[in-house]
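# Residue-level structure breakdown
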Amino acid sequence: MLDIYAQAFATILMPQNLIAMCLGALWGLLAGALPGISTSMGVVLILSFTYTLSPMTAFVLLIGAYLGGITGGSITSILFGIPGEPSSVPTVIEGHSLAKQGRAAYAMWVYLLCSISGGLFSVGVMIVATPLIANFALRFGPAEYFALTILGLSVVSGLSGGSILKGFLSCFFGLFLATVGTDGITGEERFTFDSVVLLGGINFVVAMVGLLAVSEIMIEAEEPFKDYKGGVQYRGLRGELPPFSLFKKYWLTMIRSPIIGTIVGALPGAGATIAAFLAYGEAARTAKYEPEKFGRGAVEGLMAAECANNASTGGSMTILLSLGIPGSNTTAMLVAAFMIHGMQPGPLLLSSRPDIIYGIFVAMLLTNLLLLVIAGTAIRLFLELNRLPYSVFSAAIMILCVIGAFGLNNDVNDMFLMFAFSLIGYFMRKFGVPVAPCILALVLGDLAELSLRRALLLSEGNPLGLVSSPISAVLILAAVFSIVYPLFKKPKVLQGA
Amino acid sequence: MKKGERVFFGVCAVFFGFMFLQALGLMGKGRPGEIGSGLWPGIALGACILLSLARFLGSLWRGPKESDSPAHPAGESTVEKRKRRITVTLSALCFLAFMGLTPYLGFILATLLFIPAFAFFLGERRKTVLLVSPFLLTAIIVAVFVKFISIPFPKGVGIFASFSRLFY
């Protein structure tokens with residue numbers, strides 16, 4: 001075991017991987033910090049850089065962007081009161097209040113140290129839990145995989161935002177899109193209308209870039225002309241480091257919040273936003289010191305939200321690497337990255353490509369430490385980047401989208417397919433239909449259909465064969481619960497959020 | 001409920017209905033337990049039809065109530081909406097033109113033209129930004145994606161291809 005880790009460390013510490021880690025983390029921080037670019041958008045934009053890279057370097061870059069994005073979302077939250085990510089809303093409440101009291105640098109250090117400690121905790125859990133879950137998942141047959149994909153799709157309730165009905169419409173549309181192309185079992189053409197472009201199916205990346213990134217820019221284009229100008233006085237962070245006694249004082253929050261974050265991050269569809277709100281709510285409920293400060297600059301609230309926020313990354317990565325199920329938009333991008341590099345995430349990957357899995361463990365560990373250094377020293381740069389002309393920035397994003405679509409197969413048709421998806425995404429957003437469930441269904445749809453058809457073949461068409469094993473029955477029950485529960489109950493802390 | 005939403009969900013229902021008919025043509029049984037190519041997409045499309053119709057009918061039912069109480073002052077709202085629509089349409093057309101022209105003009109020239117045009121449509125009016133940023137951005141993009149990552153972008157045709165060959 002130690003040999004594998006030693007080898008993984010040696011691989012990750014190679015110059016090209018270290019450079020990729022730094023660039024990924026920087027890009028992620030930038031994407032998270034800039035309003036209008038989400039972590040998932042940051043990851044999908046950087047996907048085009050990975051086509052010609054080795055798989056390990058590609059994942060190091062993407063992990064850097066993922067973790068950087070989650071961490072960077074809080075920079076603008078504290079300094080400007082603009083949540084870069086939905087998960088940063090509690091950070092806006094407490095962190096920005098602290099900034100308005102003239103304690104921005106102090107709040108930044110608290111946020112950074114808590115984010116990193118939360119991230120490191122969840123990586124520790126991931127390292128222990130992933131092989132255990134993956135070994136268990138080796139017993140899975142087609143019925144269990146079908147149940148698992150249904151559980152993965154059940155996140156729709158959590159990703160739907162306002163209307164669950166629209167969320168399901170988006171999800172079923174994604175499932176339909178996944179069937180376009182040649183049928184994997186019979187070889188029949190489905191919904192291709194004799195088009196060669198559609199024969200191989202709809203590529204995730206092309207659809208994702210259009211639905212997520214280009215449509216977002218089109219929605220942003222509707223807003224009045226933006227010219228961001230940061231107005232925050234930067235006085236330097238040195239000398240404003242929070243004392244160790246602060247972390248000692250709030251030790252319970254420092255332990256409880258990463259646990260909440262990791263567990264919630266592992267639940268399909270929950271993710272960083274719910275983790276941050278739950279941990280923040282729990283800290284507010286059990287606050288011993290200065291509970292009256294919650295909502296007006298409570299350091300404990302900031303610590304809880306940031307610890308949980310970053311800890312959710314390890315939880316969702318555990319499920320992705322061990323079961324191959326993406327629990328969020330961003331981890332769905334990572335599934336696409338695995339497929340681009342000829343791999344299928346899941347339990348078999350641990351035995352077929354242990355170098356990649358253990359490399360990802362080490363990369364996540366080191367990226368968290370690197371983020372502390374980069375974010376700590378580059379905050380001034382991020383403030384300056386907020387002064388970039390938004391119009392030119394949007395044009396650059398559009399070009400990156402075109403490169404992302406074209407570079408996949410060096411095919412001009414993919415650019416037009418991406419444009420079609422951007423129009424679909426624009427109208428979906430315009431009429432309140434969330435795009436995230438569609439993307440998730442597009443990623444999981446193929447596996448769900450193939451597993452269902454294989455399971456039915458094995459059971460000679462008996463649908464009860466799908467729930468005959470205890471594992472699949474439990475997974476289906478969990479999926480039903482996951483779909484039904486949000487219909488009746490919404491966590492109090494999320495109401496009105 | 002807005003008229004546009006009614007149209008959107010109506011169009012969705014018609015589109016999914018058409019695709020559902022296609023899926024029906026794919027239904028067929030082979031070996032015992034083989035459900036054919038059409039069942040799974042049929043289920044997805046059936047659900048899409050039901051959900052689209054539910055939203056469409058729901059909007060018809062709630063329409064009059066909500067139209068009684070307009071959320072925005074009529075004059076300002078109409079002008080603003082028209083302005084927004086024009087901006088989005090122009091920026092989308094600009095993007096489409098960029099992709100359409102790339103195979104003929106080559107990636108570099110198309111990018112040089114796209115950046116200021118797109119920024120202009122988004123409301124950018126500063127001459128320095130419109131003049132300097134296209135060259136700066138194109139140089140960065142060519143350095144990273146053409147020279148470093150070696151993506152074989154379209155070179156264009158005729159004289160444009162000769163121009164592109166100067167760079168890649």
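As the structure is a computational prediction, the values presented were derived from the model and not from experiment. Just so you know, the residues in each chain are numbered from 1, in the order the chain's sequence is written. Whichever chain is written first is A, and whichever ligand is written first is 1; the rest continue in order. Where local features are concerned, this predicted model is filtered to residues with pLDDT of at least 70; where side-chain atom pairs are given and counted, the filter is 80 or more; whole-chain, interface and lining totals use all residues. To get the side-chain values, all heavy atoms of the structure are used, and hydrogens and water are removed first.

### Quick word on the overall build of chain A
The helix and strand tally for chain A stands at 22 helices and two strands. Across the 497 residues that make up chain A, the buried fraction comes to 62%. Only heavy atoms enter the contact rule, under which two residues are in contact if any of them lie within 4.5 Å. Here the analysis covers contacts within chain A between residues at least 6 apart in sequence; of these, 79% occur between residues at least 24 apart. Only carbon and sulfur atoms are counted for the fraction: they give 66% of the accessible area of chain A, which is about 18,000 Å². Only DSSP runs of H or I reaching four residues or more are called helices, and only runs of E reaching two or more are called strands; each is numbered from the N terminus. Think of it in three bands: with a 1.4 Å probe and only protein chains considered, a residue is buried below 20% of the maximum accessible area for its type, exposed above 50%, and partly exposed in between. To be clear on the numbers: accessible area is Shrake-Rupley with a 1.4 Å probe, and residue cover counts the displayed protein chains and nothing else.

### Some remarks on the interface of chain B and chain A
On the side of chain A, 62 residues touch chain B, which itself brings 60 residues to the contact. A quick way to say it: buried area is the sum, across both parts, of accessible area lost when two parts are put together, with a 1.4 Å probe. The contact between chain B and chain A buries some 5,400 Å² in all, and 82% of this surface belongs to carbon and sulfur atoms. Of all residues in chain B, Trp40, Phe95 and Met99 of chain B bury the most surface against chain A, accounting for 13% of the area lost on that side. In what follows, salt bridge is the name for a side-chain nitrogen of Lys or Arg lying within 4 Å of a carboxyl oxygen of Asp or Glu. At the junction of chain B with chain A, the criterion picks out one salt bridge. As a salt-bridge pair, Lys166 of chain A and Glu5 of chain B come within 3.4 Å of each other at their nearest N and O atoms. Any pair of nitrogen or oxygen atoms within 3.5 Å is treated as a polar contact; in protein, a donor-acceptor pairing is required on top of that, and neighbouring residues in sequence qualify only through side-chain atoms on both sides. Summed over the shared surface of chain B and chain A, the number is six residue pairs in polar contact (both at pLDDT 80 or more). Mapped by element, the contributors of at least two residues to the side of chain B that touches chain A are α1 (3-24), α2 (39-67), α3 (74-105), α4 (107-121) and α5 (127-148) of chain B. Here the element with the most residues in the side of chain B that touches chain A is α3 of chain B; it accounts for 11 residues. Taken together, the residues of the side of chain B that touches chain A break down into 41 nonpolar, 12 polar and seven charged. Amino acids are sorted into nonpolar (Ala, Val, Leu, Ile, Met, Phe, Trp, Tyr, Cys and Pro), charged (Asp, Glu, Lys and Arg) and polar (every other residue, Gly among them).

### Observations regarding helix α11 (residues 204-221) of chain A
All names here are of chain A. Given the number of residues in a helix, its expected span is that number minus one, multiplied by 1.5 Å. A rise of 1.5 Å per residue sets the reference length of α11, with its 18 residues, at 26 Å; its end C-alpha atoms lie 25 Å apart and thus fit the reference within 8%. Along its length, α11 reaches its greatest deviation from straightness, about 30 degrees, at Ser215. In terms of residue burial, α11 counts as a mostly covered element, since 17 of its 18 residues are buried. The reported bend at a residue is simply the angle between two axes, fitted to the 7 residues ending at it and to the 7 residues beginning with it.

### Thoughts on the domain arrangement of chain B
For the purposes of this description, domain bounds are those given by an automatic or database domain assignment. What the domain assignment lists for chain B is domain 1 (3-62) and domain 2 (79-165). For domain 1 of chain B and domain 2 of chain B, the distance between their C-alpha centroids amounts to 38 Å.

### Some words on the pattern of salt bridges
Residues and elements named next belong to chain A. Enumeration according to the criterion identifies eight salt bridges over all chains in this entry. With its nearest N and O atoms 2.9 Å apart, the salt bridge here joins Asp183 to Arg453. You can see Asp183 sitting in the loop between β1 (181-182) and β2 (189-190) and its partner Arg453 sitting in helix α21 (residues 436-458), a full 270 residues away along the chain. Accessibility expressed as a relative area gives 3% for Asp183, which makes it buried.

### Quick notes on the nonpolar core
In these notes, a set of buried Ala, Val, Leu, Ile, Met, Phe, Trp, Tyr and Cys residues joined through side-chain atoms within 4.5 Å is what counts as a nonpolar core. Ranked by size, the top nonpolar core spans 199 residues in total, and within it Met317, Ile360 and Met418 of chain A together with Phe95 and Phe114 of chain B carry the most contacts. A per-element tally of this core places helix α19 (residues 390-409) of chain A first, with 15 residues. Split by domain, this core shows at least three residues from each of two domains, domain 1 (3-62) and domain 2 (79-165) of chain B. Not counting chain neighbours up to four residues away, the residues in contact with Phe95 of chain B comprise Val214, Met398, Val402, Met418 and Phe419 of chain A together with Phe114 of chain B. In terms of nonpolar packing, the next biggest core, distinct from the first, is built from 12 residues, Ala275, Tyr280, Ala298 and Ala308 of chain A among them.

### Observations regarding helix α7 (residues 142-153) of chain A
Spanning 12 residues, α7 of chain A covers 16 Å between terminal C-alpha atoms, matching the ideal 16 Å at 1.5 Å per step. In terms of residue burial, α7 of chain A counts as a mostly covered element, since 10 of its 12 residues are buried.

### A look at the side chain of Ser97 of chain A
All names here are of chain A. The topology assignment puts Ser97 in helix α5 (residues 89-100). The class for Ser97 is buried, based on a relative accessible area of 12%. Leaving out residues up to four positions away in the same chain, Ser97 has contacts with Val92, Gly295, Arg296 and Gly297.

### A few points about the confidence of the model for chain A
Residue and element names in this part refer to chain A. With 87% of its residues at a pLDDT of 70 or more, chain A shows a mean pLDDT of 82. For chain A, helix α8 (residues 156-159) is the element with the lowest average pLDDT, namely 61, and helix α20 (residues 412-430) is the one with the highest, namely 92. Segment residues 491-497: pLDDT under 50, and seven contacts once partners within four positions in sequence are set aside and those in other chains are kept. pLDDT is a residue-level measure of predictor confidence that goes from 0 to 100.

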